[in-house]
Amino acid sequence: MLLKTWLAPLRNNCGAVGSIPLMFFTLVAAIFLYLGIDLYGYIVQQQKLTVATNELLEIIKAENGYDSANREQFNRLIQKSGIDPARVTLTATPKLVERGNTVEIEASMEYECIGLKPLGKTVKLPIRVKQDGLARTFFR
């Protein structure tokens, strides 16, 4: 008896709105909701990577360049913010840059969108952050 009540909208031929369009709308709304969540996740990951890169840039400007000890500091910082250090590629100006010269750092990673997984699609978006500044220490 209960099953007949649930299947009644599927058998309705009187022109009333059935449950199939409602289910289709729910599917489309869920996909857009997932895409919105993916967009938010992309923006948050980019902000976290920007903050970590900016912090590392301040260290590099003070030390006049980049070395492996700075990479360890960067790895600890992004681990605390929830990013896997193995997924991040980092390039920077090596050490011993004269005061007033430019030091640059570029970090990149891929963000995997899962909003289209119900449709069998996986999208990977690149996140690239580039910062530059001037070295601060004077060498003689």
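## Observations concerning the sheet that holds strand E2 (residues 102-113)
Pairing is antiparallel in the open sheet, where three strands are placed in the order E1-E2-E3. A strand with exactly one partner marks an edge of an open sheet, and here the two such strands are strand E1 (89-92) and strand E3 (123-134). Adjacent strand axes in the sheet meet at a mean angle of 15 degrees, parallel and antiparallel pairs treated alike. Looking at chain direction, E1 and E2 are connected through four bridges and run antiparallel. By the bridge assignment for E2, Thr 89 is matched with Ser 108. Most of the contacts of helix H2 (residues 19-63) go to E3, to which it runs at about 25 degrees, and overall it touches E1, E2 and E3.

## Quick notes on helix H3 (residues 68-80)
Taking 1.5 Å of rise per residue, 13 residues should cover 18 Å, and H3 covers 19 Å from first to last C-alpha, within 8% of that figure. Burial in H3 covers these residues: Asn 70, Arg 71, Phe 74, Asn 75 and Ile 78. One side of H3 holds all its buried residues, which, seen down the axis, span an arc of 145 degrees. Facing away from the buried side of H3 by more than 90 degrees, the exposed set consists of Gln 79 and Lys 80. As for H3, its buried residues are in contact with H2, E1 and E2. Directly after H3, the chain includes Gly 82, whose backbone phi takes a positive value near 95 degrees.

## A closer look at a nonpolar patch on the surface
On the surface, a nonpolar cluster with roughly 320 Å² of combined accessible area is contributed by Leu 33, Tyr 34 and Ile 37. Take Tyr 34: it is sitting in helix H2. Residue Tyr 34 is classed as partly exposed on the basis of its relative accessible area, which comes to 44%.

## A look at unusual backbone geometry
Here the phi dihedral of Asn 64 falls at roughly 60 degrees; this positive angle occurs in a residue that is not glycine. Inspection of the secondary structure assignment puts Asn 64 in the loop between H2 and H3. Using a relative accessible area of 0% as the deciding quantity, one classes Asn 64 as buried. Positioned with a positive phi, Leu 96 is a non-glycine residue whose angle comes to about 65 degrees. For Leu 96, the location among the structural elements is in the loop between E1 and E2.

About the criteria used
- Residues numbered from 1 in each chain as written.
- Predicted model: local features only at pLDDT ≥ 70, side-chain atom pairs only at ≥ 80, totals over all residues.
- Heavy atoms only, no water.
- Pairing = 2+ DSSP bridges.
- Helix = DSSP H or I, 4+ residues; strand = E, 2+ residues; numbered from the N terminus.
- Axes fitted to C-alpha atoms, helices over the stretch in contact; angles between N-to-C directions.
- Contact = heavy atoms within 4.5 Å.
- Expected span 1.5 Å × (residues − 1).
- Buried < 20%, exposed > 50% of the residue type's maximum accessible area, 1.4 Å probe, protein only.
- Arc of directions from axis to C-beta.
- Patch = residues over 30% accessible without salt bridge, like charges linked within 9 Å, V, L, I, M, F, W, Y side chains within 5 Å.
- Areas by Shrake-Rupley, 256 points an atom, 1.4 Å probe, with all protein chains shown as cover.
- Salt bridge = Lys/Arg side-chain N within 4 Å of Asp/Glu carboxyl O.

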